[in-house]
Amino acid sequence: MTGPLAEVLDGQRGADLQRAARALLKEPLLTADGPYADEFRLVRRHTAELREWFERNVGWTLRTDSDAARLRKTPGTLTDATHPAREAARTALPFTRRRYVLLCLTLAALERGESQVALGRLAEQVVLAAADPELVAAGITFTLERRDERLDLAAVVRLLLRLGVLRRVAGDEEAYVSGSGDVLYDVRRRVLAGMPTARRGPSMVESRGFEERLVEMTAQTALDSDDLRFRAIRWKLTRRLLDDPVLYYDDLTDDELVYLTRQRGFITARIGELTGLVAEVRAEGIAMVDPLDDLTDVRMPEQGTHGHITLLLAGHLARAARPVESAELASRVRELAVEHGGFWSKSAREPGAEPELVEQALAKLVALGLAVRTERGVLPRPALARYAVGEPVVREPGVAHHPAAIVTDER
């Protein structure tokens, strides 16, 4: 088929493929009846193309069936802890170490269990599993007798509900937490089977240290040729450009920087073609910018009190261009409250709230690659310069100019 109709059909196909790819990057586990059901159907329709792209460019595998689509991702940076799991929306509390342990124990219990399970019964199985001598030796114990422990288990269950691993049949988690009732779930075993993404099963890992175990669980095959080494570098760089807000050149090894310098146009073009992300190349690094502004779990700027404070502190850090201690930032929040407090929530204006407000702002700035914590304080990173708003500069009589976004020169 040729002509205008063919162009329209090709355009629609490309748009559908891009929508499917973006859905997988945003939610690597999609279910047929979940909140992204339309995108799931697109993934099923374009499975062959998506699978080929992800395997070739990032080394990720895509598994699909009638119930779920699972993109098995390996992050470009294994030790980045700035994007934790959350039970529901972005505003929900991040998972703690205890919640992650509970999540693993819960998955193990569900794998050994039946197609239906009550939360009370699941809790009993988790407590039994937590009695493992190695867990006890590591200082990890669960009795689930305390309310805070039951809250943690409820958070784990809500995450599994959101992912589609569980389906609530009757009851409510709040009743279990308060001790006044129970909850019954269907266990979707095929979705459950797609949860692990490690290349090597944790039981097969022999290393004892945390970082060493991560490396062993995600290790590639032996890189005994130049082609395999270059492929591994391409995979790592593409993973970071897809997952990380900013890729800084000074975070790369010499080999990675040389490869990126030569292949930057090819890599960013392939990413842009699949996802619609646009490469912003600067002297210090690359950011893949999303014109649709939804392919992220952390937004900036963002509405509300915390979003406003984060933006104001970003401007302060960008102008400082030096390490800034948290105490100085807390002092700055007190000053800002005088000028902007009328737009903030009541709790943010209360005396003593400044340290928590600063911590929430810094968590977002670090997660976005805009700042880094050091022993001397919080150090702004180059991409933060776009938030540096200076004093009015008179260009001509009667005309003032505010440089709203000061950025470094492009290489």
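Residues numbered from 1 in each chain as written. Predicted model: local features only at pLDDT ≥ 70, side-chain atom pairs only at ≥ 80, totals over all residues. Heavy atoms only, no water.

Trainee: Where do I start with helix α11 (residues 226-243) in this structure?
Mentor: Side chains that are three or four residues apart share a direction in an α-helix, a result of its 3.6 residues per turn. Between its first and last C-alpha atoms α11 spans 26 Å; for 18 residues at 1.5 Å apiece the expected length is 26 Å, and the two agree. For α11, the set of buried residues is I233, R234, W235, L237, T238, R239, R240, L241 and L242. (Helix = DSSP H or I, 4+ residues; strand = E, 2+ residues; numbered from the N terminus. Expected span 1.5 Å × (residues − 1). Buried < 20%, exposed > 50% of the residue type's maximum accessible area, 1.4 Å probe, protein only.)

Trainee: Sorry if this is basic, but what is going on with unusual backbone geometry here?
Mentor: Excluding glycine, most residues fall at negative phi; most peptide bonds, likewise, are trans. A cis amide bond links M300 to the next residue, P301, at an omega of 0°. Assignment of secondary structure puts P301 in the loop between β9 (285-289) and α13 (305-320). Despite not being glycine, D293 shows a phi value in the positive range, around 55°. Topologically, D293 is positioned in the loop between β9 and α13. Exposure remark for D293: the relative accessible area of 47% places this residue in the partly exposed category. The phi dihedral of A321 falls on the positive side, at around 55°, and the residue is not glycine. Mapped onto the elements, A321 comes out in the loop between α13 and α14 (326-340). With a relative accessible area of 60%, A321 lands in the exposed category.

Trainee: Please clarify how the pattern of salt bridges should be interpreted in this entry.
Mentor: Side chains that differ in sign of charge can pair as their charged atoms come close. A full pass over the atoms with the stated rule returns 38 salt bridges. The partner of E134 in a salt bridge is R208, and the shortest N-O contact between them spans 3.8 Å. Of this pair, E134 sits in helix α6 (residues 133-137) while R208 sits in the loop between α9 (189-193) and α10 (210-217), and the two are 74 residues apart along the sequence. Each of the salt bridges in this network shares a partner with another, and the network as a whole consists of E87, R98, R99, R146, D148, E149, D152, R158, R168, E173 and E174. (Salt bridge = Lys/Arg side-chain N within 4 Å of Asp/Glu carboxyl O.)

Trainee: What am I meant to see in the nonpolar core here?
Mentor: Buried together is how nonpolar side chains tend to be arranged in soluble globular proteins. L110, L119, L160, V165, L166, Y176 and Y185 are the most contacted members of the largest nonpolar core, which totals 38 residues. If you list the elements that add at least two residues to this core, you get α4 (97-112), α5 (119-130), α7 (147-163), α8 (173-178), β6 (183-187) and α9. The dominant element in this core, judged by the number of residues it contributes, is α7, at eight residues. Contact partners of Y176, with chain neighbours within four places excluded, come to L119, G120, A123, L144, R150, L153, G181 and V183. (Core = buried A, V, L, I, M, F, W, Y, C linked by side-chain atoms within 4.5 Å. Contact = heavy atoms within 4.5 Å.)

Trainee: Explain the packing of aromatic side chains to me, please; I cannot follow it from the model alone.
Mentor: What describes a pair of aromatic rings is the distance from one ring centre to the other and the angle between the planes of the rings. Scanning the entire structure with this criterion turns up four aromatic pairs. Judged by centre distance (5.5 Å) and plane angle (85°), the rings of W53 and F54 are edge-to-face. One exposure class covers both W53 and F54, and it is buried. An aromatic cluster is built from W53, F54 and W60, whose rings are joined through pairwise contacts. R99 extends its terminal NZ or CZ atom over the ring of F95, reaching a point 5.8 Å from the ring centre. When the ring centre of Y248 is taken as origin, the NZ or CZ atom of R381, which lies over that ring, is 3.9 Å away. (Phe/Tyr/Trp six-rings, centres within 6.5 Å; stacked < 30°, edge-to-face > 60°. Lys NZ or Arg CZ within 6 Å of the ring centre and 35° of its normal.)

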